[in-house]
Amino acid sequence: MADVPEPTVRWNRYVALGDSFTEGLWDSPDGDAGPATPDVPLRGWADVLAARLSERRVAAGEDPLEYANLAIRGRLLRPILADQVPAAIGLRPDLVSLVGGGNDILRPAADVDRLARQLETAVVRLRAAGIDVLLGTGVDTVHSGLIRATRPRVATYNAHIWSIARRHGAHVVDLWGMRSLLDWRMWADDRIHLTTEGHARVAQAALVGLGLAPDDERWDDPLAPQPPAPRLEQLRGDARWAREHVYPWATRRLRGRSSGDTRRPKRPVPEPVVTQDAADAGAQDAGRRD
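Keep in mind that this is a model prediction, so the values were computed, not measured. (Residues numbered from 1 in each chain as written. Predicted model: local features only at pLDDT ≥ 70, side-chain atom pairs only at ≥ 80, totals over all residues. Heavy atoms only, no water.)

Caption draft 1: Fine view of the pairing of strand E2 (residues 66-69). Pairing between strand E1 (residues 13-18) and E2: four bridges, direction parallel. Bridge pairing links Val15 to Ala68 in E2. Bridge analysis of E2 against strand E6 (residues 267-272) gives three bridges, and the strand direction is antiparallel. Within E6, the residue paired with Asn69 across the bridge is Arg267. (Pairing = 2+ DSSP bridges. Helix = DSSP H or I, 4+ residues; strand = E, 2+ residues; numbered from the N terminus.)

So this is what it looks like as structure tokens:
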């Protein structure tokens with residue numbers, strides 16, 4: 001059977017929209033980021049995806065991908081759609097990732113049907129502007145303790161997302177279906193945000209969602225199993241998590257505040273993504289042309 005060539009990376013400019021998940025909490029290649037050090041530079045799955053797309057473009061003799069990231073931690077879906085979507089359209093991308101609604105769904109009174117209607121309106125607007133859209137499902141919270149209570153809402157929202165994608169020709173990164181994300185070693189201490197390894201795997205899922213080959217076919221293989229922690233250690237960990245993460249989050253909610261209230265997008269203007277691999281590929285291509 002003849003090899004099927006990989007689809008060309010046709011996108012020239014990519015803009016990422018969303019909340020903390022897309023901003024990149026807590027993937028910090030240059031330091032130990034966390035709630036106590038909120039200003040450490042962050043990377044995240046969207047940055048990794050942009051780098052991979054850019055590398056493939058340069059390897060094919062094209063210019064590097066241009067990339068902006070407008071995501072801000074703590075944002076609910078409505079501000080994402082009201083503020084970030086128009087700003088993204090103004091940047092004239094040909095690819096936008098739009099992943100949001102998770103902060104809304106954490107609230108017991110969330111109306112996921114209304115969230116889906118709002119999301120679909122934004123997708124229609126982006127598609128009408130000639131922009132390809134990458135949506136993302138919510139993660140399966142089956143093993144997430146207190147957060148497991150959101151599982152029915154997440155599942156309903158995910159069903160809407162797949163239907164929206166089908167109706168409007170959007171792509172989907174299927175986080176719910178990722179086996180590797182069921183492992184707590186993929187999650188930071190706050191149990192809400194991913195580690196560097198978790199973000200790297202989501203970037204591979206995004207490549208697959210865009211119809212491209214992953215860098216490694218084993219990208220979603222589960223980690224090697226480890227023995228369960230003693231019950232007392234689990235209880236101590238739960239108590240520490242509630243004290244250090246749940247309580248501050250609940251306090252902010254009661255005060256009507258968000259962790260992202262004073263923050264601005266980390267990469268507001270599209271700029272070329274030039275990694276070392278992309279630079280090496282570009283130099284080799286230039287040498288062949290000479």
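After that view, the rundown keeps rolling.
Caption draft 2: Focus on the pattern of salt bridges. Scanning the model with the defined rule gives 17 salt bridges in all. For the salt bridge of Glu66 with Arg13, the shortest nitrogen-to-oxygen distance reads 2.5 Å. With Glu66 in strand E2 and Arg13 in strand E1, the pair connects residues that are 53 residues apart, well separated along the chain. Note on Glu66: relative accessible area 24%, which makes it partly exposed. For Asp27, the salt bridge goes to Arg43, with nearest N and O atoms at 3.1 Å. A residue pair is termed long-range when its members are at least 10 positions apart, and Asp27 in the loop between helix H1 (20-23) and helix H2 (45-59) and Arg43 in the loop between H1 and H2 qualify at 16 residues. Exposure remark for Asp27: the relative accessible area of 0% places this residue in the buried category. Residue class for Arg43 comes out partly exposed when judged on its relative accessible area of 30%. (Salt bridge = Lys/Arg side-chain N within 4 Å of Asp/Glu carboxyl O. Buried < 20%, exposed > 50% of the residue type's maximum accessible area, 1.4 Å probe, protein only.)

Caption draft 3: Broad picture of the packing of helix H5 (residues 112-128) against helix H6 (residues 151-168). In contact at an axis separation of 10 Å, H5 and H6 are set at 25° when each is read in the N-to-C sense. Judged on the interaxial angle alone, H6 and H5 are roughly parallel. For the pair H5 and H6, the crossing hand works out as right-handed. Residues Val112, Asp113, Leu115, Ala116, Leu119, Glu120, Val123, Val124 and Arg127 of H5 pack against Arg153, Thr156, Tyr157, His160, Ile161, Ile164, Arg167 and His168 of H6. A class-by-class count of the residues in the contact of H5 with H6 yields nine nonpolar, three polar and five charged. (Axes fitted to C-alpha atoms, helices over the stretch in contact; angles between N-to-C directions. Parallel < 35°, antiparallel > 145°, perpendicular 65-115°, else oblique. Left-handed = near helix turned anticlockwise from the far one by under 90°. Contact = heavy atoms within 4.5 Å. Nonpolar A, V, L, I, M, F, W, Y, C, P; charged D, E, K, R; others polar.)

Caption draft 4: Region of the structure containing the confidence of the model for the protein chain. Taken over all residues, the pLDDT of the protein chain has a mean of 88, while the share at 70 or more is 84%. Scored below 50 in pLDDT, residues 1-5 makes zero contacts in the model with residues more than four places away or belonging to other chains. (pLDDT = per-residue confidence, 0-100.)

Caption draft 5: Representation of the environment of Val112 in the model. With respect to the helices, strands and loops of the structure, Val112 is situated in helix H5. Along the primary structure Val112 and Arg153 are separated by 41 residues, whereas in three dimensions their C-alpha atoms are 6.6 Å apart. Setting aside residues up to four positions removed in sequence, Val112 forms contacts with Ile105, Arg153, Thr156, Tyr157 and His160.

Caption draft 6: Examining the environment of His171 more closely. Following the sequence through the fold, His171 ends up in strand E5 (residues 171-173). Through-space distance from the C-alpha of His171 to that of Gly211 is 8.3 Å; in sequence the pair is 40 residues apart. With sequence-adjacent residues up to four places away left out, His171 is seen in contact with Arg10, Trp11, Val133, Leu134, Leu135, Gly209 and Leu210. A polar atom in the side chain of His171 sits 3.4 Å from the backbone oxygen of Gly209. (Polar contact = N/O pair within 3.5 Å; in protein donor to acceptor, adjacent residues only side chain to side chain.)

Caption draft 7: Representation of the packing of H2 against helix H7 (residues 196-209). Orientation of H2 relative to H7, taken along the N-to-C sense of each, is 50°, at an axis distance of 8 Å. In terms of axis orientation, H2 runs oblique to H7. When you trace H2 past H7, the crossing you get is right-handed. The residues of H7 that touch H2, namely those facing Trp45, Val48, Leu49, Arg52, Leu53 and Arg56, are His199, Val202, Ala203, Gln204, Ala206 and Leu207. Per-class residue counts for the contact of H2 with H7 are eight nonpolar, two polar and two charged.

Caption draft 8: Layout of the side chain of His199. Mapped onto the elements of the fold, His199 is located in helix H7. A polar side-chain atom of His199 sits 3.1 Å from the main-chain amide nitrogen of Trp45. For His199, the residues in contact, after removing those within four places along its chain, are Phe21, Gly24, Leu25, Trp26, Asp27, Gly44, Trp45 and Leu194.

Caption draft 9: Spotlight on the pairing of strand E4 (residues 132-136). E4 sits mainly inside the fold: five of its five residues count as buried. In the sheet, strand E3 (residues 95-99) pairs with E4 via four bridges, with the strands oriented parallel. Directly across from Leu98, in E4, lies its bridge partner Leu135. As defined by bridge partners, E4 adjoins E5 across three bridges and the pair is classed as parallel. Bridging across to E5, Gly136 finds its partner in Val173. Viewed along the sheet, the connection from E4 through H6 into E5 turns out right-handed. (Right-handed = clockwise from strand over helix to strand, strands pointing away.)

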